[in-house]
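Survey of secondary and tertiary structure
As a plain string of letters, each chain reads:
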Amino acid sequence: MEGMELQKIEGRLSGLTTSNEEGGEAPKKSKQGGWITFPFIIGTMMGLSLVAGGWASNLIVYLITEYNVKSITATKISNIVLGCYSLFPVVGAIIADSFLGSFPVVAIFSFVSLLGMIMFTLSTTIHSLRPARCVIGSSMCEAPSNVQYAVLYMTLGLASLGLGGTRFTIASLGAEQFDKTKDQGIFFNWYFFTLYIANLISFSVIVYIEDNVGWGLGFGICAIANVIGLALFLLGKPFYRQVKPKGSPFTSLARVMVAAIRKRKILGTFGSQDYYFGTTGVLKMEAGASTKSLRFLNRAALITEGDKQLDGSYTRSWTLCTIEEVEALKTIIRIIPVWSTGIFLSVTIGIFSSLTTLQALTMNRHLGPHFKIPAGSFLLFNLLATAVSIFIIDRFFIPMWKNLTRRTLTPLQRIGIGHIINILGLVSSALIEIRRLHVVQTHSRIDQPGLVVPMSAMWLVVPLSIMGIGEGFHFPGSIALYYQEFPMSLKSTSTTMVSLLLAIGLYLSPAIMDLVDQITGWLPDDINDGRLDNVYWVLVVTGVVNFGYYLICAKYFKYQQNVEENDRHSELAP
C-alpha cells in the first residue's frame, strides 16, 4: 500500500507533529514516541478492526435471521447504523483535536466498543432478548418486542460509537509518535495493511463462523479481540507521545464570520499594512498573504481603532481575526461544492451494498457441493477490488498517465474517474438484476418467500468489483484533495471528510429507498416480487446528473496553490 497519493497524504501529516502556535518554534524532541509504540498501536488497530468487520459486515443477515426483521427494513436499519459508523469518526477527531487528545479518546471509545460486543454476545445467548426464529420471508414470524428493540438499538449504538471514536483517531495518534516524514509514511503503510488484513479475516472467517457455527461464538471472538486490543493499547501508555489539544479550530472559523459581519459597513481600499497577521500584535507585511476571492471575509482581519488593546497591542477576538484564519475559512468554502458531489456517490454505495446482500440471500451461493459463501461475505469482493485497484493505480496507472500526458493525475481527475466507474457499476447491477428476475419468472419462484433462485451469486462479483475499482479512484483522490487544501489547523479533520460523506449518504439512503418504494412499489419485502433493476436504473440516471454537477464544480474550482499564485502580487481589498 505504498501508493503515491497515500504517501503524499502521509507526508503532509508531518506538519501536525512539527508545527506550533503562530510564530512559535518546533517542539523539542521527547523521549517518548518512536517505533517502540508501533506494536501497541498496530495490535490495537488489528483487534478493533476485527471487531468492526465482525458485526458490521453481517448486520443485515443478523437482523433478518435473528430478529425477524423484514429484508428492506433490515437494509434501512443497516444503512442508518453504518451512517453512525461513518459519522462518529468525525466526532472523535474533533474531540481529540479540540479537547482531550488522541490517547483518551481511543481508550474511552475502545471500552465503549467492548460494551457493545458484550451486548451483542448476550443478545445471541439469552433467548429472551430476541424473538423466536422462523423461516426467512414468512408472514408468520414473531416481531421483536419493544424491550428487544431497545436492547438491539442500544447494542448497535454502543458498537457504532466505539468504532467511530477509534478508527481515525488511532491513525492520528500513530502519526504523532514520529518526527520524520519517512517514518510516518511507513507507519501509514502498515496502518492500511493492518486495516485490510483485519477486514479480510472478519469478512470471511468471522462471518462464516456466525452463519455456520453460531452468532454467539462469532460475537464472542470479536469481544475477545476487543479486550486484547484495549489491553495492548493501555500497556503502551508509558511509551506514547501525547500531543496536547490546542482548542477547537472551528471557533476561529466562526469568529471570522462574526467579525466580517460586524465590519461589513467599513468602506475603502486597503493594503496589507491594514490587516492583522497575528504575530504578537505586530503587523507582518506580507503582500499577497490574502486572496482576492471572497473579499468580504477579508474585513474580519481589518484593523480598526476599536481593536486596539489598552497597552496598544492587538489580539484575536470576535472582532479581529488573523489573515491565516480568514484564508482557512475561504479554503473550506471553496471546496464545499466539490465535496458535496460525493454525497450522492455515498448514497449509491449505501443502497448498492444493502441490495447486493439481499440479492445474495436469494441466489445460489454454493462453491462446490459442500461450501456455501455467507451472504455478508460478498462485500469482501468489493474490499478486495478496492485494495488491489489502489495498488495498481498508484504503481502503474498514475506513472503511465504521467508518461502519456506529461502531467500528474490530479485529485480532481482521480475523483472524476471514480464517478464514471461508479455509474458503470450501477449499470452492471441493473443488468444482472434483470437476468435474476428473468430466472425467477422462468422457474415460477414468485410468491415463494425464502426460496433460492437457481442462479449463481458469483454474478454479483462483477458489480462489486467495478464499484470497488471506482472507490479506489474516488476516495483516495478525495482524501488527497481535502488534505492538500484544508488549513493546517484542520488537517486531522480533513481526513475524516470522506467519512462524513459516507455518513450523510448512508443516512439519506433509507429515506430515498422509502421514497422510491412509496411512489413505485419496487421494493417489497420479497425482492423476487420487486423491481430492483428499476431502482438501479434510477441510480444510474441520477449518477449521470451528479457527474455533470461535478464537472461544473471541478471546472470552477481552483487549487489553493494556484489561488495564492494568482493573487500573490495583488492588493488586498475588503
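Preceding this paragraph is the structure being described.
Predicted model, so just to flag it, every value in this text is computed and none were measured. (Residues numbered from 1 in each chain as written. Predicted model: local features only at pLDDT ≥ 70, side-chain atom pairs only at ≥ 80, totals over all residues. Heavy atoms only, no water.)

What follows deals with the packing of aromatic side chains. Tallied over the full model, the rule gives 18 aromatic pairs. With a centroid separation of 5.3 Å and an interplanar angle of 90°, the aromatic rings of phenylalanine 397 and phenylalanine 473 are classed as edge-to-face. Taken together, the positions of phenylalanine 397 in helix α13 (residues 379–405) and phenylalanine 473 in helix α15 (residues 461–485) put the pair 76 residues apart, joining distant regions of the chain. On the basis of relative accessible area, phenylalanine 473 is assigned to the buried category, the value being 6%. (Phe/Tyr/Trp six-rings, centres within 6.5 Å; stacked < 30°, edge-to-face > 60°. Helix = DSSP H or I, 4+ residues; strand = E, 2+ residues; numbered from the N terminus. Buried < 20%, exposed > 50% of the residue type's maximum accessible area, 1.4 Å probe, protein only.)

Let's shift gears to the nonpolar core. Counting 112 residues, the largest nonpolar core has Trp55, Leu355, Leu481 and Tyr482 as its most contacted members. Take this core: its biggest share by element is 17 residues, from helix α12 (residues 323–361). With residues up to four places along the chain from it excluded, the contact list for leucine 355 reads Met513, Leu523, Leu532, Val535 and Tyr536. Grouped together as the second largest cluster of nonpolar side chains are 17 residues, Phe103, Val106, Leu195 and Tyr240 included. (Core = buried A, V, L, I, M, F, W, Y, C linked by side-chain atoms within 4.5 Å. Contact = heavy atoms within 4.5 Å.)

Glancing now at the environment of isoleucine 333. In this fold, isoleucine 333 is placed in helix α12. Taking the C-alpha atoms as reference, isoleucine 333 lies 9.1 Å from leucine 294; in sequence the two are 39 residues apart. If we skip the residues at most four places from it in the chain, isoleucine 333 touches Leu294 and Leu297.

In this model, helix α5 (residues 71–100) (30 residues) spans 41 Å end to end at C-alpha, consistent with the 44 Å of a helix rising 1.5 Å per residue. For α5, the tally of buried residues reaches 21 of 30 residues, placing the bulk of the element in the interior. Directly after α5, the chain includes glycine 101, whose backbone phi takes a positive value near 95°. (Expected span 1.5 Å × (residues − 1).)

This brings us to the pattern of salt bridges. All chains considered together, the criterion is met by four salt bridges. Across the pair glutamate 433 and arginine 436 runs a salt bridge, and its minimum N-O distance is 2.9 Å. With a gap of three residues between them, glutamate 433 and arginine 436 both fall in helix α14 (residues 411–442), about one helical turn apart. Comparing glutamate 433 with arginine 436, the two get one shared label, buried. Residues aspartate 533 and arginine 531 are paired through a salt bridge, measuring 2.7 Å at the closest nitrogen-oxygen approach. Accessibility expressed as a relative area gives 37% for arginine 531, which makes it partly exposed. (Salt bridge = Lys/Arg side-chain N within 4 Å of Asp/Glu carboxyl O.)

Read these as layout, nothing more, since geometry by itself doesn't imply function.
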